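# Summary of the model geometry
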Amino acid sequence: MPAPAPQRYRSEGRRKGVPPDVLANALASISRIRDTDPRIEPVLTLRHLAFLTDVPYRYLRQVVARSAATGYRTFRLKKRVPGRSRMRTISVPPPSLKEVQRWIVENVIQHVAPHEASYAFHPGSSPYLAAEEHCECSFLLKVDVQDFFHSIGEGSVAAVFEAIGFQKLISFEMARLVTRPIPSSKPAPDPAARWVAIPYYNYPHEGVLPQGAPTSPMLANLVMRHADQRLANLATRMGMRYTRYADDLAFSAPHGSAIALADMRRCRTQVLRILNEYGFSPNLRKTVIRGPGSRRIVLGMLVDGDRPRLAREFKDNLRLHLHYLTAPSHGPAAHAMARKTGVSSMYHHVRGLISWAQCVDPEYAADALALFRTANWPLVQPRWSGASDDD
């Protein structure tokens with residue numbers, strides 16, 4: 001529901017006895033938000049947000065104050081890394097909080113564009129398009145950010161809302177609604193001094209973006225806008241191309257350019273310094289430079305030719321799945337059991353691989369899909385992201 005015209009808003013406020021300075025501040029905030037994008041829904045106070053979302057104000061205030069258990073469902077997934085393993089914490093918000101977060105996505109942050117170097121978490125984004133930017137490169141620098149979402153604190157998120165035009169207090173409150181403290185959260189920067197007028201909001205640890213909340217991906221993009229701009233400027237100065245897909249950064253030197261290995265190393269040093277300045281910790285083990293004679297892969301796709309191609313490892317993995325799924329001596333049930341998963345999960349996993357291949361190499365994917373359909377799938381009902389299995 002769009003905000004009323006300023007004249008009507010001022011008139012209704014006067015009739016209700018709202019002080020003139022309060023009206024002026026509200027109208028100024030609405031104007032700033034509209035200047036960012038007229039589709040953004042202005043939110044003036046936490047009580048106003050409760051009204052817009054139909055979620056109790058008391059509940060929202062408790063979430064902001066961290067005074068009650070918010071009911072996040074947290075679990076850990078193992079992410080395999082060559083040579084070691086690590087756990088990724090997934091935090092799914094409870095229904096009421098998720099409803100508020102979805103409202104913020106649909107009415108606020110989806111209308112704010114990320115930096116043009118970002119290729120994830122917004123309409124029209126695609127890993128294929130990100131990889132395409134680096135095709136026919138002579139050198140490639142890849143940088144991975146560790147614990148990307150958990151590196152973004154509530155202060156950075158509040159700054160995003162303030163930049164959109166929201167007043168400082170509601171920016172802080174919305175930042176609290178989309179973040180949560182975790183055991184590794186950093187101490188809050190002197191909360192008593194920052195919110196001395198609201199001691200109820202004081203909390204010893206700063207919240208971070210939870211991986212699993214609907215707001216986290218887009219907010220991470222918006223928090224990264226300044227860093228993206230500096231990294232893009234660096235790439236331009238050095239004659240390179242830069243893209244970011246979530247926590248995967250790529251810099252490449254076009255084929256035929258005069259850029260040498262020493263230039264790529266200087267670029268790497270500056271990229272790591274910029275990321276550290278913004279509070280991000282690069283994964284040095286996964287920060288690599290690939291040059292002539294080596295395989296240049298971006299987001300799982302080979303980019304040494306004129307278009308992205310499926311990597312050999314991907315094709316080998318899919319070929320192995322299809323072999324066991326269609327072999328008379330194995331089949332879906334035996335293959336799923338060997339992989340310690342269910343038949344339905346196996347069905348959708350392999351179908352997902354084929355769908356991804358379709359985006360990169362349609363002819364290869366068509367052959368794979370034809371073979372996939374010959375497997376004897378017992379009692380599996382296709383449920384494929386709104387599309388039929390014939391798509």
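Since the structure is predicted, the reported quantities are computational estimates derived from the model, not experimental observations.

Next up on the list: the overall build of the chain. Scanning the chain from N- to C-terminus turns up 16 helices and 10 strands. Residues counted as buried form 47% of the 391 residues belonging to the chain. Residue pairs at least 24 apart in sequence account for 69% of intrachain contacts in the chain once pairs closer than 6 positions are excluded. For the chain, the accessible area works out to roughly 19900 Å², and carbon and sulfur atoms hold 53% of it.

Looking now at the packing of aromatic side chains. Enumeration according to the criterion identifies 10 aromatic pairs in this entry. Here Phe-161 and Phe-166 contribute two aromatic rings whose centre-to-centre distance is 6.1 Å and whose plane-to-plane angle is 85°, an arrangement assigned as edge-to-face. Take Phe-161 and Phe-166: they sit in the same class, and that class is buried. For the ring pair Phe-172 and Tyr-201, a centre distance of 5.9 Å and an interplane angle of 40° mean the geometry is tilted. Of the two residues, Phe-172 sits in helix α8 (residues 168-177) while Tyr-201 sits in the loop between α9 (191-194) and α10 (216-223), which places them 29 residues apart along the sequence. For Tyr-201, a relative accessible area of 2% corresponds to the buried category. The rings of Phe-121, Phe-148, Phe-149 and Phe-280 are connected pair by pair, giving a single aromatic cluster. Across from the ring centre of Tyr-57, 3.9 Å away, lies the NZ or CZ of Arg-47, which sits over that ring. Across from the ring centre of Tyr-364, 4.8 Å away, lies the NZ or CZ of Lys-315, which sits over that ring.

Checked against the element boundaries, Thr-287 lands in the loop between β6 (281-282) and β7 (288-290). Thr-287 sits in the buried class, given a relative accessible area of 10%. A distance of 2.9 Å separates a polar side-chain atom of Thr-287 from the backbone oxygen of Asn-283. Excluding anything up to four places from it in sequence, Thr-287 contacts Leu-141, Lys-142, Val-143, Asp-144, Arg-268 and Pro-282.

Looking now at helix α5 (residues 95-107). Helix length check: α5, at 13 residues, gives a terminal C-alpha distance of 18 Å against a target of 18 Å (1.5 Å per residue), a fit within 8%. Within α5 the residues assigned to the buried category are Leu-97, Val-100, Gln-101, Trp-103, Ile-104, Val-105 and Asn-107.

Turning our attention to the pattern of salt bridges. Applying the stated criterion across every chain, the model contains 11 salt bridges. Here Arg-66 ties to Glu-154 by a salt bridge, and the two come within 2.9 Å at their closest N and O atoms. Of the two residues, Arg-66 is situated in the loop between α4 (57-65) and β1 (73-81) and Glu-154 in helix α7 (residues 154-164); the sequence distance between them amounts to 88 residues. Comparing Arg-66 with Glu-154, the two get one shared label, buried. Sharing partners across several salt bridges, the network here consists of Arg-66, Glu-154 and Arg-176.

Let us look at the sheet that holds strand β10 (residues 309-310). Across a sheet, strands are paired by hydrogen bonds formed along the backbone, either parallel or antiparallel in direction. Spatially, β8-β9-β10 is the arrangement adopted by the three strands of the open sheet, whose pairing is antiparallel. At either end of the open sheet lies a strand with only one pairing partner, and these are β8 (297-298) and β10. Across two bridges, the pairing between β8 and strand β9 (residues 301-302) is antiparallel. Within β9, the position partnered with Val-298 by the bridge is Met-301.

Our focus in this paragraph is the confidence of the model for the chain. Looking at the chain, pLDDT values average 88 and 89% of them are 70 or higher. Ranking the elements of the chain by mean pLDDT puts α9 last, at 56, and helix α11 (residues 225-237) first, at 98. Taken as a whole, residues 80-85 scores under 50 in pLDDT and shows nine contacts with residues more than four places along the chain or in a different chain. Below a pLDDT of 50 lies the segment residues 384-388, which in the model reaches four contacts outside its immediate sequence neighbourhood of four places, other chains included.

The interhelical angle for the contact between helix α13 (residues 312-326) and helix α16 (residues 362-372), taken along N-to-C directions, is 20°, at an axis separation of 10 Å. With respect to α16, the element α13 is oriented roughly parallel. In this structure, α13 meets α16 at a crossing whose hand is left-handed. The segment α13 lies against α16, with Lys-315, Leu-318, Leu-322 and Thr-326 engaging Tyr-364, Ala-368, Leu-371 and Phe-372. Of the residues assigned to the contact of α13 with α16, the class counts are six nonpolar, one polar and one charged.

Glancing now at the nonpolar core. Counting 70 residues, the largest nonpolar core has Phe-161, Phe-166 and Phe-251 as its most contacted members. Of all the elements, helix α12 (residues 261-277) adds the most residues to this core, at six residues. Those residues within four positions of Phe-166 in sequence are excluded, and the remaining contacts are Ser-29, Ile-33, Ile-40, Glu-41, Pro-42, Val-43, Val-108, Phe-161, Ser-171 and Met-174. Grouped together as the second largest cluster of nonpolar side chains are 29 residues, Leu-322, Ala-336, Ile-354 and Ala-368 included.

Right, let's talk about the environment of Gly-331 for a bit. Mapped onto the elements of the fold, Gly-331 is located in the loop between α13 and α14 (332-338). Considering only alpha carbons, one finds Gly-331 and Ala-375, 44 residues apart in sequence, at a separation of 6.8 Å.

On to the pairing of strand β4 (residues 241-245), then. Relative to strand β5 (residues 248-254), β4 runs antiparallel, the two being bridged by five bridges. Bridged to Thr-243 within β5 is Ala-250. In textbook terms, the turn of a hairpin is the stretch between consecutive antiparallel strands, and for β4 and β5 this stretch comprises two residues, one of which, Ala-246, has a positive phi near 60°.

Thresholds, definitions, all that
Residues numbered from 1 in each chain as written. Predicted model: local features only at pLDDT ≥ 70, side-chain atom pairs only at ≥ 80, totals over all residues. Heavy atoms only, no water. Helix = DSSP H or I, 4+ residues; strand = E, 2+ residues; numbered from the N terminus. Buried < 20%, exposed > 50% of the residue type's maximum accessible area, 1.4 Å probe, protein only. Contact = heavy atoms within 4.5 Å. Areas by Shrake-Rupley, 256 points an atom, 1.4 Å probe, with all protein chains shown as cover. Phe/Tyr/Trp six-rings, centres within 6.5 Å; stacked < 30°, edge-to-face > 60°. Lys NZ or Arg CZ within 6 Å of the ring centre and 35° of its normal. Polar contact = N/O pair within 3.5 Å; in protein donor to acceptor, adjacent residues only side chain to side chain. Expected span 1.5 Å × (residues − 1). Salt bridge = Lys/Arg side-chain N within 4 Å of Asp/Glu carboxyl O. Pairing = 2+ DSSP bridges. pLDDT = per-residue confidence, 0-100. Axes fitted to C-alpha atoms, helices over the stretch in contact; angles between N-to-C directions. Parallel < 35°, antiparallel > 145°, perpendicular 65-115°, else oblique. Left-handed = near helix turned anticlockwise from the far one by under 90°. Nonpolar A, V, L, I, M, F, W, Y, C, P; charged D, E, K, R; others polar. Core = buried A, V, L, I, M, F, W, Y, C linked by side-chain atoms within 4.5 Å.

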